[in-house]
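Inside the fold
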There are 2 protein chains.
Amino acid sequence: MRKFNFSAGPCTLPLEVLQEAQAEFVDFNGTGMSLIEMSHRSSTYDAVHMEAMALARSVFGAPDDFSVLFLGGGATLQFAMIPMNVLRPGQRGAYVVSGEWSSKALDDGSHHGDLYAAWDGKSVDYKRMPTTDEIEIGPNTRYLHVTSNETIGGIRFNDFPLVDVPLIGDMSSDYMSRSIPWERFDLVYGGAQKNLGPAGVDITFVRNSVLEETNQDLGAYLRYDIHAAKNSMYNTPPVFPIYMVGKVLAWMEAQGGLPVIESLAAQKSSLVYEAIDASDGFYFSPVDPASRSHMNVVFRLPSEALDGEFLAEAGRRNMSGLKGYRTAGGVRASLYNAMPVEGVQALVELMADFQSANA
Amino acid sequence: MRKFNFSAGPCTLPLEVLQEAQAEFVDFNGTGMSLIEMSHRSSTYDAVHMEAMALARSVFGAPDDFSVLFLGGGATLQFAMIPMNVLRPGQRGAYVVSGEWSSKALDDGSHHGDLYAAWDGKSVDYKRMPTTDEIEIGPNTRYLHVTSNETIGGIRFNDFPLVDVPLIGDMSSDYMSRSIPWERFDLVYGGAQKNLGPAGVDITFVRNSVLEETNQDLGAYLRYDIHAAKNSMYNTPPVFPIYMVGKVLAWMEAQGGLPVIESLAAQKSSLVYEAIDASDGFYFSPVDPASRSHMNVVFRLPSEALDGEFLAEAGRRNMSGLKGYRTAGGVRASLYNAMPVEGVQALVELMADFQSANA
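Summarised in this report is the structure supplied together with it. (Residues numbered from 1 in each chain as written. Chains lettered and ligands numbered in written order. Predicted model: local features only at pLDDT ≥ 70, side-chain atom pairs only at ≥ 80, totals over all residues. Heavy atoms only, no water.)

Moving on to the interface of chain A and chain B. Listed by partner, the interface residues are 59 residues for chain A and 59 residues for chain B. Summing both partners gives a buried area of about 4400 Å² for chain A against chain B, and 60% of it is carried by carbon and sulfur. Between chain A and chain B we count 2 salt bridges in total. Residue assignment for the side of chain A that touches chain B shows that the elements contributing at least two residues are α1 (15-23), α3 (74-86), α4 (100-109) and α7 (239-255) of chain A. When residues in the side of chain A that touches chain B are grouped by element, the largest group, 6 residues, is from α1(A). Of the residues contributing to the side of chain A that touches chain B, the split by class is 28 nonpolar, 24 polar and 7 charged. (Contact = heavy atoms within 4.5 Å. Buried area = accessible area lost by both parts, 1.4 Å probe. Salt bridge = Lys/Arg side-chain N within 4 Å of Asp/Glu carboxyl O. Helix = DSSP H or I, 4+ residues; strand = E, 2+ residues; numbered from the N terminus. Nonpolar A, V, L, I, M, F, W, Y, C, P; charged D, E, K, R; others polar.)

This part is about the sheet that holds strand β8 (residues 167-170) of chain B. All names here are of chain B. Pairing in this open sheet of 7 strands is mixed, and the strands run β2-β10-β9-β8-β5-β3-β4 from one edge to the other. The sheet terminates laterally at β2 (66-71) and β4 (114-120), the two strands that pair on one side only. Strand-to-strand twist in this sheet, taken as the mean axis angle between neighbours without regard to direction, amounts to 20°. As paired strands, strand β3 (residues 92-97) and β4 are joined by 6 bridges and run parallel to one another. Note on β4: the bridge partner recorded for Gly-93 is Leu-115. Along the sheet, helix α3 (residues 74-86) makes contact with β2, β3, β4, β5 (141-147), β8, β9 (185-191) and β10 (202-207), crossing β9 at roughly 155°. (Pairing = 2+ DSSP bridges. Axes fitted to C-alpha atoms, helices over the stretch in contact; angles between N-to-C directions.)

This part is about the relation of the copies chain A and chain B. Copy one and copy two of the chain differ by a rotation about an axis and a translation along that axis. Once chain A has been moved 0.0 Å along the axis and rotated by 180°, it coincides with chain B to within an RMSD of 0.0 Å. Those values place the two copies in the arrangement expected of a two-fold rotation axis. Among all C-alpha atoms of chain A, that of A:Gly72 lies closest to the rotation axis, at 2.4 Å. The fraction of interface residues of chain A whose copies in chain B are also interface residues reaches 100%, indicating that both copies meet through the same surface. (Least-squares fit on C-alpha atoms with pLDDT ≥ 70 in both.)

Summed over all chains, the structure comprises 30 salt bridges over all chains. Here A:Arg2 makes a salt bridge to B:Glu37, at a shortest N to O gap of 2.6 Å. Here B:Glu37 lies in the loop between α1 (15-23) and α2 (43-60) and A:Arg2 lies in the segment before β1 (4-5), a pairing that spans two chains. In this structure, B:Arg316 and B:Glu313 form a salt bridge, with 2.9 Å as the shortest nitrogen-oxygen distance.

This is the structure we're talking about:
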């Protein structure tokens, strides 16, 4: 029996996409072999690859002057590649530190460029994102890096900062769940394994004018300009993850595309936040309401013992992946794009029943 | 109808492995979800991951003092990571340039360390590997990098050089088809997509004493020591490729392991070389017999027109992927581990029939 899978990532994918991939796994479209056995230079794989790339552009609504890259190493490799590629001598990168992921982006990138924290949420216990006027951009700053959603803290930028430098955004955990103000970004990136497919591929969108000025004194895999010029086939790409991303994007398009998905994400998360707010404090969200994530709803119960009982009852009701991050405790419900509304309704029902039984 | 797939990579995989993966793709072992939907921190995925890692160690016969890493970015990212991690100030890396791949390893790595060519096969038209006494190791050399098999040229080291510095080996195209003299290597690496599974994961074996001295002034993804300490789960690993590699390794173990596979590789390639040698020059191999690859058998026909007719007849006989590399022309038969002997026999039969019809 299929579970409602609230895992923070890798995470639930559309059942029909999985079934389609299963059906064509051993013999792809009558070619006499699996897609994963084909040369990446074959016309069959080329069509799959280019279709996934075209869908990434169209379903995300990326402007023509952005290139789409499919890269290995996850968002974590991007933490290093961004300053390596983008910063020129004398330039600095500014980072909003809003939790664990942005902190890693800054720490990792600091080995490869002159970076600094333009805001650090430590003083507010990482319970909210900054307002624009709290962000301090110093001289010679090339970009401001933001993590659009923090999966562990459960916070997101409802509005991206309005600053005088281009933005670079890690959108790993809310990719394709929100529209992107592309005119303010030079680069957005994210691992596929939350909203877009299986683990093993990062999708980076980079403005073409940026590519004209990137650092070329790097090994080929580390150069955005080479990946862009070769449509991410400079070397053998991660075939299966890219193929699955293409299928998930096609599914998203069939659902109605970004406007529908964005609206559903708001609705699904609202159902849980309303249940928290209506619980008279039985369920407690540490997050500032202005920064509530649409993807990762974090809450606590009156005691750790009740946390445990809640999770056990969720398991009996066919729900999984609700345990909070190890350092945060409590409950985390990740509501990525492929989580059906029925899953969220089942969670909200559990919350009501559990409170009645334990209040 | 399943094809005999002679592609140089990605390439043929064992049919039973594909069928097993297909059967469990949508609901993995009754968990109610696909393996690719699970948290990489789940006990189910952890067991799959650690089993693949244990099999990599046992089936390759790697000594206990080596760590096994599963990395994204393919061998191409390793070209940069090796000098980044291994070279300390004042040290140099020596490279045997034996064709396209070793040349890329040297060019890419040169952006990240002081490297030089210790031998270049240009003067012999890259038709053979060097003997040990042709390799010139200069002062302050930390390692000698070798490409054990060149897929395009179709040459391999039958014996690895005996030099006074540790070897580092790119074994992408003959991984798990030959035994490795581990005592002479500090590091071996290779993409999985030829002998071991689908594209999307590189397997690097690195000596633990090397890890104690690697450069730590790098972003986390670029650090071997971090991947080793975290069993390649520092960040979300490429789940599906790793799972498939585990299955292919288990299949190899069931076949009898490395001794059987190594012997089969020699037999399969011999069948084709014998057909070439017996053809009175109708089929011509440009490769020095002492350096003949066991994985990629490269040969030409008397004319380009005949090359084309040969490939067309191969297609009619249910064989694919035999076209030579675009800059090399002719025919290239890649005989990776999952190519059944029947496939090689079909090729040899085609060679005889075609020669009879066209000599």
